[in-house]
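Listed here are the chains, written in short residue letters.
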Amino acid sequence: MSTIFGIPTPALYGQILIGLINGSFYAMLSLGLAVIFGLLRVINFAHGAQYMLGAFAAYLLLNWLGINYWLALVLAPLAVGVIAVIIERTMLSRLYGVDHLYGLLLTFGLALILEGAFRYWFGAAGQPYAAPSQLTGAVNLGFMFMPVYRGWVVVASLVVCIGTWLLIEKTRLGAYLRAATENATLVQAFGVNVPLLLTLTYGLGAALAAFAGVLAAPIYQVSPLMGSNLIIIVFAVVVVGGMGSILGAIVTGYVLGVLEGLTKVFYPEASSIVIFVIMAIVLLVRPAGLFGREE
Amino acid sequence: MSSAPLLEVRGLNAWYGESHVLHGVDLDIREGETVTLLGRNGAGKTTTLRAIMGILRRREGVIRLRGKDLLGLPLHKVAQSGIGYVPEERGIFASLNVSENLTLPPTVSEGGMSVEEIYTLFPNLHERRSSQGTKLSGGEQQMLAIARVLRTGARFILLDEPTEGLAPVIVQRIGDVLTALKKRGMTILLVEQNFRFAKKVADRFYLMEDGRMVNSFPGHELDARMDELHEVLGV
């Protein structure tokens, strides 16, 4: 069996794939956080709960209404996005004029309530969610076997990340969003309905989280705490990438996922802290993050 | 309705937080007029523009555009009633290129200049249309800030110190642009410290001091009033 640095190559490729999968989720989630933080200046602590809601929405759609995975991939983000819009209109929008800490506390409180409620209803144990039949099995890539569903997750997350990036960088709506991130008052003085833009942005960020949740459902189990386990790492990713940087969030998400996977191969003891070590080093060397602008 | 002013400001009071910064400002501008606000730094000129635009929210009094009350409108509706705003700090966006900066403000009415017309008027902007907005020189940024509102079809423009910190040749260029806009029948409310520049374009002056309008006179009286102005402006 061939080896690299004394590591069997199948194990290495396997961990890189797992790293890519995790990185896909880091990228999608940190992207949403970055978009929301960039425009609303709210650190959305409910992001993990919105991811969990997406997974549960898929689970409930299937088990209560018999709605399949593919439809859930559209309906769950839509539903979570609508809930987020309601939260933004009724609660979050009242906090823009005050210290950012209030937005953080509100979203943190909402996350606790949502996770608590789902624990009460479904218990802390995970619920299984089967991958759709079209995406079961594995393909032989020549150097390794890759489960089809995992390949799909990487592709789908890349499409979503690139699509979101294009939306923000190349469209008129994206130009409003970038400009409002810099100077919301002036953009509104030009006649753009900035309050509506804020609402839609929060809805979009939450919908991205929910989409990631549906993608995650067949890989990780659907559990009330699935989001809070992940969100801490995602915050580290956002800090490394640079708060508010869209490209930074995407690139850092994938890179840190793979680095974490490689650490599992070469020095497993460090795998659960490697991202935080990197975060500490980045904060020392570049406090604004790798892709962030100094303010 | 030609006798009614385009913009009518009556007894305008405004506050920054707790501090009362405008004290009963009255101001009339007729269609097609260019009016310049003079006053020392801190006299309330920029504040008056910000209060008219609705950027400064804590206001009392009357602000009417074509008889329509602006005071109760949310900020984004003010521009939609046909006002273009060129802020003192120019407000060019760093994350947008020149062409994106130019097309950012939504159209507020028919009859705005096309992007092609604007590029003919400002060839520099065309050359640098793919550059990051804030990579332009100060003069080019000011041109861009003005060009940006011409696209929207706004017929009434608030211009806050467009010549500040710019070289004489650029100031001259901006003067030419304003003259061209006047010929097109645009109404302009200008805040300006540069007398010589203001004299060329202004039909009327208002003099502000400590958040109040203290005097108003037609443009041709500027020279005759220089002594009085020197006293108030301390220049």
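- An unreviewed UniProt entry annotates chain B as ABC transporter ATP-binding protein of Microvirga arabica.
- On record in UniProt, under Sequence similarities (unreviewed entry), the comment for chain B is "Belongs to the ABC transporter superfamily."

- With an unreviewed UniProt entry as reference, chain A is termed Branched-chain amino acid ABC transporter permease, source organism Microvirga arabica.
- Its UniProt record gives chain A a comment under Subcellular location (unreviewed entry), which states: "Cell membrane".
- In its Sequence similarities (unreviewed entry) section, UniProt records this for chain A: "Belongs to the binding-protein-dependent transport system permease family. LivHM subfamily."

Digging into the overall build of chain A
Working step 1: Looking only at helices and strands, chain A has 10 helices and four strands in total.
Working step 2: Its helices and strands in sequence order give chain A the pattern β-β-α-α-α-α-β-β-α-α-α-α-α-α, from N to C terminus.
Working step 3: The C-alpha atoms of chain A give a radius of gyration of 19 Å, which matches the 19 Å a tight globule of 295 residues would have.
Working step 4: Projecting the C-alpha coordinates of chain A onto the three principal axes gives extents of approximately 65 × 50 × 35 Å.
Working step 5: Relative to its 295 residues, chain A shows a buried fraction of 48%.
Working step 6: Excluding contacts between residues fewer than 6 apart, the proportion of contacts in chain A whose partners are at least 24 apart in sequence is 76%.

A few points about the sheet that holds strand β10 (residues 212-218) of chain B
All names here are of chain B.
Working step 1: Here we have six strands laid out as an open sheet, ordered β6-β7-β8-β3-β9-β10, and mixed in their pairing. Two strands close off the open sheet at either side, each with one partner strand: β6 (83-86) and β10. Shown here is a sheet whose adjacent strand axes are inclined to one another by a mean of 15°, direction ignored.
Working step 2: Here β6 runs beside strand β7 (residues 156-160); their pairing, made up of four bridges, is parallel. From the neighbouring strand, Gly84 faces β7, where its bridge partner is Ile157.

Notes on the nonpolar core
Working step 1: Among the nonpolar cores identified, the biggest contains 159 residues, and A:Ala55 and A:Ala210 are the most heavily contacted of them.
Working step 2: Residue contacts for A:Ala55: discarding those within four places in its chain leaves A:Gly213, A:Val214, A:Ala216, A:Ala217, A:Val222 and A:Met226.

Some thoughts on the packing of helix α2 (residues 47-65) of chain A against helix α3 (residues 69-90) of chain A
Two packed helices can be described by the angle between their axes and the distance between those axes.
Residues and elements named next belong to chain A.
Working step 1: It is at 9 Å that the axes of α2 and α3 come closest, and there the two elements cross at 130°. With respect to each other, α2 and α3 are oriented oblique. Considering how the two elements wind past one another, α2 and α3 form a crossing that is right-handed. In contact with Gln50, Leu53, Gly54, Ala57, Ala58, Leu61 and Leu62 of α2, α3 contributes Tyr69, Ala72, Leu75, Ala76, Pro77, Ala79, Val80 and Ala84.
Working step 2: Looking at side-chain class alone, the contact of α2 with α3 contains 13 nonpolar, two polar and no charged residues.

Details of the environment of A:Val80
All names here are of chain A.
Working step 1: By secondary structure assignment, the location of Val80 is in helix α3.
Working step 2: Separated by 130 residues in the primary sequence, Val80 and Ala210 place their C-alpha atoms 6.4 Å from one another.
Working step 3: Ignoring anything within four residues of it in the chain, the contact list for Val80 reads Gln50, Leu53, Gly54, Ala57, Ala206, Ala207 and Ala210.

A look at the UniProt feature "transmembrane region" (unreviewed entry) in chain A
All names here are of chain A.
Working step 1: Feature annotation in UniProt assigns "transmembrane region" (unreviewed entry) to the following positions: residues 12-35, 42-61, 67-87, 99-122, 149-168, 200-220, 232-259 and 265-285.
Working step 2: End-to-end, the C-alpha atoms of residues 149-168 are 28 Å apart, and along that stretch the chain is 100% helix and 0% strand.
Working step 3: Measuring from the first to the last C-alpha atom of residues 200-220 gives 29 Å, for a span that is 81% helix and 0% strand.

Details of the sheet that holds strand β1 (residues 7-16) of chain B
Residues and elements named next belong to chain B.
Working step 1: Spatial strand order, β2-β1-β4-β5: four strands in an open sheet with antiparallel pairing. Either end of the sheet is taken by a strand with one partner, and the two such strands are β2 (19-29) and β5 (68-69).
Working step 2: Of the pairings in the sheet, the one linking β1 to β2 comprises seven bridges and is antiparallel in character. When the bridges of β2 are listed, Trp15 appears paired with His20.
Working step 3: Packing against the sheet, helix α1 (residues 45-53) makes contact with β1, β2 and β4 (59-65), and its axis sits at approximately 75° to β2.

Re the pairing of β4(B)
Residue and element names in this part refer to chain B.
Working step 1: Looking at chain direction, β1 and β4 are connected through six bridges and run antiparallel. What sits directly across from Ala14, in β4, is Arg59.
Working step 2: Summarising the sheet, β4 and β5 pair through two bridges and their orientation is antiparallel. Its bridge partner lying in β5, Leu65 is registered against Lys68.
Working step 3: Linking two consecutive strands that pair antiparallel, namely β4 and β5, is a turn of two residues; a positive phi of about 50° is found at Arg66 within it.

Describing the packing of α2(A) against helix α7 (residues 194-216) of chain A
Residues and elements named next belong to chain A.
Working step 1: Where α2 contacts α7, the two axes come as close as 7 Å, and the packing angle between them is 50°. In terms of orientation, α2 and α7 fall into the oblique class. The two elements α2 and α7 cross, and the hand of that crossing is right-handed. Between α2 and α7, the contacting residues are His47, Gln50, Tyr51, Met52, Leu53, Gly54, Ala55, Ala57 and Ala58 on the first element and Ala206, Ala209, Ala210, Phe211, Ala212, Gly213, Val214 and Ala216 on the second.
Working step 2: Among the residues forming the contact of α2 with α7, the class breakdown is 13 nonpolar, four polar and no charged.

Points about the interface of chain A and chain B
Working step 1: Counting from both sides, the interface comprises 15 residues of chain A and, opposite them, 18 residues of chain B.
Working step 2: Per-element tally for the side of chain A that touches chain B: the top contributor is helix α6 (residues 172-189) of chain A, with 10 residues.
Working step 3: Residue composition of the side of chain A that touches chain B, grouped by class: seven nonpolar, six polar and two charged.

About the cut-offs
- Residues numbered from 1 in each chain as written.
- Chains lettered and ligands numbered in written order.
- Predicted model: local features only at pLDDT ≥ 70, side-chain atom pairs only at ≥ 80, totals over all residues.
- UniProt positions renumbered as here; feature names shortened; annotations may be inferred.
- Helix = DSSP H or I, 4+ residues; strand = E, 2+ residues; numbered from the N terminus.
- Rg over C-alpha atoms; globule rule 2.2 N^0.38 Å.
- Buried ≥ 20, exposed ≤ 12 C-beta atoms within 10 Å, placed from the backbone.
- Contact = placed C-beta atoms within 7 Å.
- Pairing = 2+ DSSP bridges.
- Axes fitted to C-alpha atoms, helices over the stretch in contact; angles between N-to-C directions.
- Core = buried A, V, L, I, M, F, W, Y, C linked by C-beta atoms within 7 Å.
- Parallel < 35°, antiparallel > 145°, perpendicular 65-115°, else oblique.
- Left-handed = near helix turned anticlockwise from the far one by under 90°.
- Nonpolar A, V, L, I, M, F, W, Y, C, P; charged D, E, K, R; others polar.

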